[in-house]
Each structure stands twice: as structure tokens, then as C-alpha cells.
Amino acid sequence: SQTIHQWPATLVQPVGSPLSLECTVEGTSNPNLYWYRQAAGRGLQLLFYSVGIGQISSEVPQNLSASRPQDRQFILSSKKLLLSDSGFYLCAWSEGAGELFFGEGSRLTVL
Amino acid sequence: QKEVEQNSGPLSVPEGAIASLNCTYSDRGSQSFFWYRQYSGKSPELIMFIYSNGDKEDGRFTAQLNKASQYVSLLIRDSQPSDSATYLCAVIPYNFNKFYFGSGTKLNVKP
């Protein structure tokens, strides 16, 4: 069966510090991968999605970037965090237009 | 214009009643429609998906899709306090690879 792992689960970072969130999927090949962010009390904002290794589409221009170095690995990064980057970050995967499955999430607080 | 819109609620229903959650979408070419449940502090989990006009039933849940009117709804029969959560509607628009989410409707089921 397919599983998705996301880490770290929580982190507190100072403004201006770098960020790296990692996500891996097991039990499937060539999944579509996604990064979403959810601000407190808000809906899910699509940040990046990828249909293959090295193929990244950005939905929202900001100080975040994403990379897909391996088929089932998706990384979200920032060189300098802003206060507005605080939120609940969710990695997800799908097979084409099938269902979307989420990881456990990473809660980021920028101080 | 938002891709997917939901009433934020909260929607309060007594235990045992039917809860009705609604969602509208803007892209007429949208192909696939999903309902997710999200408990506070947790990642969303898939409840149902629907692709064709009409009703789809799964246990206490019924999804209804009307593409002509561009809305999708979720009915929860015999509501239980454990159904209290935020319900997110998600849509895949014409360009196929992206899942767009509404802001969610918070449901409170009172014992």
C-alpha cells in the first residue's frame, strides 16, 4: 500500500532563517506531488506541484521554492523566511486525476 | 475569482440530523470533485469523490454533483458528534493536474 511521510512535524524558526521540508512517497511510481499551505483558520493554498523529476510548477510567486530530486521525493525550501510564511504545510500525492492523499503535515512558526 | 467557494459556517446540527454542505466552482471544464474532512490540527482525509452528474452514496455520506449549475454537495445522514470537523471541497479544473480547495465549512454536531 502507498504511504507518504513528511518531516519535520513542527518547527519554530526565526525570521530570515532558511527552511527545508521534506516529503517522500512509498508504494507507487511517478506520482504527482504537491505542496499546500494552510494559514490558521483558512483553506488550502496550492504552492507547487510536480508531475515528474525536475518538473516543478509554481502557483504563487513568493520566497519559497520546491525541488523533486527523485521520483518520490519532494522538497520545499526557503532561503529567508518571512513572518507570513507561518502555517501548516502539507505534502500530498496523487496518481493523475485520482484521489489526493496527504502527509501528516509540518507546522511552521516563524518568529 | 475564487476557483472553489464554500460557506465557512459554522453549520450546527443536532445529533442524528442530516448535515448538508455545499460547494460551487468556477471552471465549467472541471472533471473531478472531492470531499475531505479535516479535524483540528490534522491533515485532510478523503471522504468521497464524484465524477459524474447525480448522486453517489457511501454509507452515511452522499455526494451530489450538478455540472450545469456548477455545484457539488455532501449530505451526512445520522450526524454524529465525531463528524464535527471542517469539510473541504476540492476540484480538478480543466488543466487536470491541480487540485483546488475551497476554504472549508466547519460542522458542529451537538449531542
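Figured I'd write up the structure that's included with this text. All values derive from a computational prediction rather than experimental measurement. Here the residue numbering is sequential within each chain, running from 1 through the sequence in written order. As a convention, the first chain written is A and the first ligand written is 1, with the rest following in written order. The predicted nature of this model means local features are confined to residues of pLDDT at least 70 and side-chain atom pairs, given and counted, to a pLDDT of 80 or more, with totals for whole chains, interfaces and linings taken over all residues. Calculated side-chain values reflect all of the structure's heavy atoms, with hydrogen atoms and water omitted.

### So, the interface of chain A and chain B
Contacts are assigned to residue pairs that have any heavy atoms within 4.5 Å of one another. At the interface, 23 residues of chain A touch 21 residues of chain B. Summed over both partners, the accessible surface that disappears when two parts come together, traced with a 1.4 Å probe, is what is meant by buried area. Between chain A and chain B lies a buried interface of about 1,700 Å² when both sides are counted; carbon and sulfur atoms form 59% of it. A pairing counts as a salt bridge when a side-chain nitrogen of Lys or Arg comes within 4 Å of a carboxyl oxygen of Asp or Glu. Viewed at the interface, chain B and chain A are joined by one salt bridge. As used in this structure description, the phrase polar contact means that two N or O atoms lie within 3.5 Å; if the pair is within protein, one of them must be able to donate a hydrogen and the other to accept it, and residues adjacent in sequence are counted only when both atoms belong to side chains. Counting across the chain A and chain B interface gives six residue pairs in polar contact (both at pLDDT 80 or more). Only DSSP runs of H or I with at least four residues qualify as helices, and only runs of E with at least two residues qualify as strands; both kinds are numbered from the N terminus onward. Elements with a minimum of two residues in the side of chain A that touches chain B: strand S4 (32-38), strand S5 (44-52), strand S9 (87-94) and strand S10 (100-102) of chain A.

### Details of the sheet that holds strand S8 (residues 71-76) of chain B
All names here are of chain B. Two strands pair if DSSP finds at least two bridges between them. Read across the sheet, five strands follow the order S1-S3-S8-S7-S6 without closing on themselves; strand pairing throughout is antiparallel. Each end of this open sheet is capped by a strand with a single partner; those strands are strand S1 (4-6) and strand S6 (54-58). Each strand of the sheet is rotated relative to its neighbour by a mean of 20 degrees, with strand direction disregarded. Lines fitted to C-alpha atoms define the axes here, with helix axes fitted over just the stretch in contact, and angles between the N-to-C directions of these axes take values from 0 to 180 degrees.

### So, the packing of aromatic side chains
Geometry of aromatic contacts follows a simple scheme: Phe, Tyr and Trp rings, the Trp one being its six-membered ring, pair when their centres are within 6.5 Å, and the pair is stacked under 30 degrees between planes, edge-to-face over 60, tilted otherwise. Under the counting rule described, the total for this entry stands at 15 aromatic pairs over all chains. Ring geometry for Tyr34(A) and Phe99(B): centres 5.5 Å apart, planes at 90 degrees, overall edge-to-face. Note that Tyr34(A) is positioned in strand S4 and Phe99(B) in the loop between strand S9 (85-92) and strand S10 (100-101), a pairing that runs across two chains. Taken individually, Tyr34(A) and Phe99(B) each receive the classification buried, so the pair is uniform in this respect. By way of ring pairs, the aromatic residues Tyr34(A), Tyr36(A), Tyr49(A), Phe102(A), Phe34(B), Tyr36(B), Phe49(B), Tyr51(B), Phe99(B) and Phe101(B) are connected into one cluster. The rule for a charge over a ring is simple: NZ of Lys or CZ of Arg within 6 Å of the ring centre, and within 35 degrees of the ring normal. Between Arg60(B) and the ring centre of Phe61(B), over which it is positioned, the NZ or CZ distance is 5.4 Å. A simple rule labels every residue: compare its accessible area, found with a 1.4 Å probe on the protein chains alone, to the largest value its type can have, and call it buried under 20%, exposed over 50%, or partly exposed in between.

### Digging into the side chain of Arg68(A)
With respect to the secondary-structure elements, Arg68(A) resides in strand S7 (residues 64-70). Engagement of the side chain of Arg68(A) in a polar contact is seen with the backbone oxygen of Pro31(A), the distance being 2.7 Å.

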